[in-house]
Amino acid sequence: MDEPKLVKLVNGEKGNIIKITSINLDGIMRRRLLDLGFVAGALVEVVRKSPLGDPIAFRVSQTTIALRKEESAKIEGELVSSGK
């Protein structure tokens, strides 16, 4: 069986589905993301990247949420599907 490929959300490509394994944020931002569904084990789809790569739109728990690079760089997960 293949080793799961770990990626940061910021490095995901449009259509990728990533299963969250860790969130390396603290304080209010961590609480906000947890409330929105960015929890360990959640599946996140990369919906759209801005032309300059910031912000990036993600779909989690049937909601689309845009995150800045600095936030999405601190969320890591396993690449489940490359989408395209």
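Before any of the text, the structure's been laid out above.
The structure reproduced in this document is the subject of the present report.

Definitions and cut-offs
Residues numbered from 1 in each chain as written. Predicted model: local features only at pLDDT ≥ 70, side-chain atom pairs only at ≥ 80, totals over all residues. Heavy atoms only, no water. Pairing = 2+ DSSP bridges. Helix = DSSP H or I, 4+ residues; strand = E, 2+ residues; numbered from the N terminus. Axes fitted to C-alpha atoms, helices over the stretch in contact; angles between N-to-C directions. Contact = heavy atoms within 4.5 Å. Buried < 20%, exposed > 50% of the residue type's maximum accessible area, 1.4 Å probe, protein only. Salt bridge = Lys/Arg side-chain N within 4 Å of Asp/Glu carboxyl O. Core = buried A, V, L, I, M, F, W, Y, C linked by side-chain atoms within 4.5 Å.

### Remarks on the sheet that holds strand 2 (residues 17-23)
The pairing of strands in a sheet happens through backbone hydrogen bonds and is either parallel or antiparallel.
Okay, so step 1: If you walk across this open sheet you meet the 6 strands as 1-6-2-3-4-5, and the pairing is antiparallel. Looking at strand neighbours, the two that pair on one side only are strand 1 (6-8) and strand 5 (63-67), the edges of this open sheet. Adjacent strand axes in the sheet meet at a mean angle of 45 degrees, parallel and antiparallel pairs treated alike.
Okay, so step 2: The pairing of strand 3 (residues 43-49) with strand 4 (residues 56-60) spans 4 bridges and is antiparallel. Paired with valine 46 across the strands is phenylalanine 58, a residue of strand 4.
Okay, so step 3: Strands in contact with helix 1 (residues 27-36) are strand 2, strand 4, strand 5 and strand 6 (75-81); relative to strand 5, the strand with the most contacts, it is inclined by about 160 degrees.

### Overview of unusual backbone geometry
Okay, so step 1: Even without being glycine, serine 61 reaches a positive phi, approximately 50 degrees.
Okay, so step 2: Following the sequence through the fold, serine 61 ends up in the loop between strand 4 and strand 5.
Okay, so step 3: Even without a glycine there, the phi angle at glutamine 62 is positive, about 60 degrees.
Okay, so step 4: By the secondary structure assignment, glutamine 62 is in the loop between strand 4 and strand 5.
Okay, so step 5: Classification of glutamine 62 by relative accessible area gives exposed; the value is 81%.

### Remarks on the pattern of salt bridges
Okay, so step 1: Taken as a whole and judged by the stated rule, the model has 3 salt bridges.
Okay, so step 2: Here glutamate 45 makes a salt bridge to arginine 59, at a shortest N to O gap of 3.1 Å. Taken together, the residues glutamate 45 in strand 3 and arginine 59 in strand 4 connect sequence positions 14 residues apart.
Okay, so step 3: The exposure class assigned to glutamate 45 is partly exposed, which follows from its relative accessible area of 27%.
Okay, so step 4: Accessibility expressed as a relative area gives 35% for arginine 59, which makes it partly exposed.
Okay, so step 5: Measuring nitrogen to oxygen at the nearest pair gives 2.6 Å for the salt bridge that ties glutamate 71 to arginine 68.

### What about the nonpolar core?
Okay, so step 1: The biggest cluster of nonpolar side chains holds 18 residues, and the ones touching the most others in it are Leu9, Ile20, Phe38, Val44, Phe58, Leu67 and Ile75.
Okay, so step 2: Contributing elements (two or more residues each) for this core: strand 2, strand 3, strand 4 and strand 5.
Okay, so step 3: Setting aside its immediate chain neighbours within four residues, valine 44 contacts Leu9, Asn16, Ile17, Ile18, Ile20, Phe38, Phe58, Arg59 and Val60.

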